[in-house]
Amino acid sequence: MSDTVKYLLDESQAPKSWYNLAADLPEPLPPVLHPATQQPITPDDLLPLFPLSLIEQEVSTEREIEIPRPVRDIYRQWRPSPLYRARRLERVLQTPARIYYKYEGVSPAGSHKPNTAVAQAFYNKEAGIRHITTETGAGQWGSALAFAGTLFDISIQVFMVRVSYQQKPYRRALMETYGAQCIPSPSELTESGRAILAQRADHPGSLGIAISEAVELAAQRADTKYALGSVLNHVLLHQTVIGLEAQAQMDQADDYPDVIVACTGGGSNFAGIVFPFLGEQLRGGRQVRVLAVEPAACPTLTRGPYAYDFGDTAHLTPLTKMHTLGSTFTPPGFHAGGLRYHGMAPLISHIKELGLIDARAYQQLDCFEAGMQFARAEGIVPAPEANHAVRGAIDEALRCKEEGVSRSILFNLSGHGHFDMQAYMDFLAGKLSDQTYDEAELAMALAGLPSVTAA
Ligand SMILES: *Cc1c(COP(=O)(O)O)cnc(C)c1O
């Protein structure tokens, strides 16, 4: 077998529908609650923020949801994305495991995020929306939505966590190149931002604060909606093109994954690759072991209780039941900015509770070592977030070696790290260290969880 083993699909084999895991769940998701009444929310409650089509997808239990033709047409620019067999990495590791990775760094923004950004921009355009507000951490979501906004002629306003705004000027430049407006958060533009700045003028910002700012502005104007890059059911749904393609590509390889690994921030790239395979299993098909990998400095799935919580700091969002570190938790400034959210997608939290998936947390240095090893073997420099998946996959492969068994391992390489070379420079210079969260702060954030009596 040659060193480069790549599985490609024709455009004619590209998925025509997304896959909705809600159709195959053994138990339904707990209801989303209104923050004031603690009663289940209705679609009407969400209309100030999202177009009806996306709200319908949010609550849908239909197994297949058609991908609109204009969205498929845009996907064609980089989809179906390639699936590779990591032969050179296998050799370096001297493992009997068969390692496959699905590469989402081929999109214009360099990650999986355009899969949902394009879909969300399409549905907003269809509903007559002219402006979308959003938040971004490291800038990957902001640049993906900026790209989608320019395709559909929608103006995009991005609240970027202030510390990232300062640390990642190239991501900001990319958003502005696509025509979006990028504002450091907390800002003076919103009440939520002003309240935080009044307490601490040099606040570094957090995703929770940036969400509050974006939601606040969108709720005030009829021609403006809000978009989220992860966590919500419809976002996870849009990402399932990844796993649907991977299923066809694993068929081509005449193999089936024993283990699937992905990193988890809000959970969207994980859901994207995992849900179609998990759906197979839930319908009586082959069993697959699933591993979610998260940063030890923001250990939502491995340390956070499963509880009702807000999605943002100012408590403007509905209450969802999820693994959470508390909405006021601010993780330390490690480099995988896309994994710094306090909560986890309700769907992923739910299947974790049902015992359908495992989770593991890794330190930053272990992840960068794995990323370096991967780059030197396979030539692709992973995003710092994706390094968590690489670490998880390498450890699974090393376990195969120890046990002397050959298993098939599939992982999602969610994006490239070309905008994150500062992190690699720091690593190479020996300046990167493991970071730990403040236990007292976590305890305080958890003590602040809302008490919910209805559920
Ligand atoms: C945003 C991002 C993540 C984390 O988000 P999820 O919703 O958990 O997928 C992971 N990898 C990359 C490359 C990202 O841009």
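Look up: the structure comes first, before these words.
For clarity, every value in this text was computed on a predicted model and none was experimentally measured.

*Asks:* Before we go on, may I ask you to explain the nonpolar core in this structure?
*Replies:* In globular proteins that are soluble, nonpolar side chains generally tend to be buried together. Grouped together as the largest cluster of nonpolar side chains are 69 residues, with contacts concentrated most on W18, F275 and I348. Of the residues that make up this core, three or more belong to each of domain 1 (4-14 + 67-110 + 234-447) and domain 2 (111-232). With residues up to four places along the chain from it excluded, the contact list for I348 reads L236, G267, F270, A271, F275, L301 and I357. Formed by 40 residues, the second largest nonpolar core is a distinct cluster that contains L93, F334, A336 and A393.

*Asks:* Is there a simple way to think about the side chain of S349 in this case?
*Replies:* Take S349: it is sitting in helix α15 (residues 346-353). Beyond its immediate stretch of four places on either side in the chain, S349 contacts Y306, M322, H323 and M344.

*Asks:* Before we go on, may I ask you to explain the sheet that holds strand β1 (residues 5-7) in this structure?
*Replies:* Within a sheet, adjacent strands bond to each other through the backbone by hydrogen bonds, running parallel or antiparallel. Strands sit in the order β1-β4-β5-β15-β10-β11-β14 across an open sheet of 7 strands; the sheet is mixed. The strands lining the two open edges of the sheet, one partner per strand, are β1 and β14 (358-362). The average angle at which neighbouring strand axes cross in this sheet is 25°, direction not considered. For strand β10 (residues 259-263) and strand β11 (residues 289-295), the ladder comprises 5 bridges, and the chain directions are parallel. By the bridge assignment, V261 is partnered in β11 with L291. Docked against the sheet, helix α12 (residues 241-252) engages β1, β4 (83-85), β5 (98-103) and β15 (408-413), running at close to 140° with respect to β5.

*Asks:* Would you mind going over the pairing of strand β8 (residues 181-185) with me for this structure?
*Replies:* Looking along a regular strand, one sees the side chains alternate between the two faces of the sheet. The buried fraction of β8 amounts to 4 of the 5 residues, a majority that puts the element mostly inside the structure. In terms of strand pairing, strand β7 (residues 155-161) meets β8 through 5 bridges, oriented parallel. By the bridge assignment for β8, V161 is matched with S185.

*Asks:* Mind showing me how you'd approach the site of the ligand here?
*Replies:* Close to the ligand lie 18 residues, the nearest being K113, S230, G265, S268 and N269. K113 places a side-chain nitrogen or oxygen 2.6 Å from an oxygen atom of the ligand. Within the contact set of the ligand, an oxygen atom lies 2.5 Å away from a side-chain nitrogen or oxygen of S230. Taken together, the residues that form the shell around the ligand break down as 3 nonpolar, 13 polar and 2 charged.

*Asks:* Which parts of the structure should I look at to understand the pairing of β7?
*Replies:* Summarising burial for β7: 6 of the 7 residues are buried, a large majority. Pairing of strand β6 (residues 131-136) with β7, which is carried by 6 bridges, proceeds in the parallel orientation. Within β7, the residue paired with T134 across the bridge is V158. For the crossover that starts at β6, traverses helix α6 (residues 140-152) and ends in the parallel β7, the hand is right-handed.

*Asks:* Explain the sheet that holds strand β9 (residues 224-226) to me, please; I cannot follow it from the model alone.
*Replies:* Read from one edge of the open sheet, 4 strands run β8-β7-β6-β9, paired in parallel fashion. Of all strands in the sheet, those bounded by a partner on one side alone are β8 and β9. Strand-to-strand twist of the sheet, defined as the mean angle between neighbouring strand axes without regard to direction, takes the value 25°. Together, β6, β7, β8 and β9 form the strand contacts of helix α10 (residues 207-220), whose direction differs from that of β6 by roughly 170°.

*Asks:* Before we go on, may I ask you to explain the environment of L228 in this structure?
*Replies:* By the element assignment, L228 lies in the loop between β9 and α11 (233-239). Along the primary structure L228 and A296 are separated by 68 residues, whereas in three dimensions their C-alpha atoms are 24 Å apart. What L228 contacts, discounting residues up to four positions off in sequence, is Q120, E135, W141, I211 and V235.

*Asks:* I would appreciate a short explanation of the environment of Q94 in the present structure.
*Replies:* Assignment of secondary structure puts Q94 in the loop between α4 (87-93) and β5. Spatially, the C-alpha atoms of Q94 and L398 are 8.3 Å apart, while their sequence positions differ by 304 residues.

*Asks:* Sorry, what's going on with unusual backbone geometry here?
*Replies:* For residues other than glycine, phi is negative in most cases, and the peptide bonds are mostly trans. The linkage connecting R79 with the following residue, P80, adopts the cis geometry, with an omega of -10°. Inspection of the secondary structure assignment puts P80 in the loop between α3 (69-75) and β4. Omega for the peptide link from S185 to P186 comes to 5°, which places this bond in the cis form. Relative to the helices and strands, P186 is located in the loop between β8 and α9 (191-199). Not every positive phi belongs to a glycine, and D153 is a case in point at roughly 55°. With respect to the secondary-structure elements, D153 resides in the loop between α6 and β7.

Procedures and definitions
Residues numbered from 1 in each chain as written. Predicted model: local features only at pLDDT ≥ 70, side-chain atom pairs only at ≥ 80, totals over all residues. Heavy atoms only, no water. Core = buried A, V, L, I, M, F, W, Y, C linked by side-chain atoms within 4.5 Å. Buried < 20%, exposed > 50% of the residue type's maximum accessible area, 1.4 Å probe, protein only. Domains from an automatic or database assignment. Contact = heavy atoms within 4.5 Å. Helix = DSSP H or I, 4+ residues; strand = E, 2+ residues; numbered from the N terminus. Pairing = 2+ DSSP bridges. Axes fitted to C-alpha atoms, helices over the stretch in contact; angles between N-to-C directions. Near = heavy atom within 4 Å. Polar contact = N/O pair within 3.5 Å; in protein donor to acceptor, adjacent residues only side chain to side chain. Nonpolar A, V, L, I, M, F, W, Y, C, P; charged D, E, K, R; others polar. Right-handed = clockwise from strand over helix to strand, strands pointing away.

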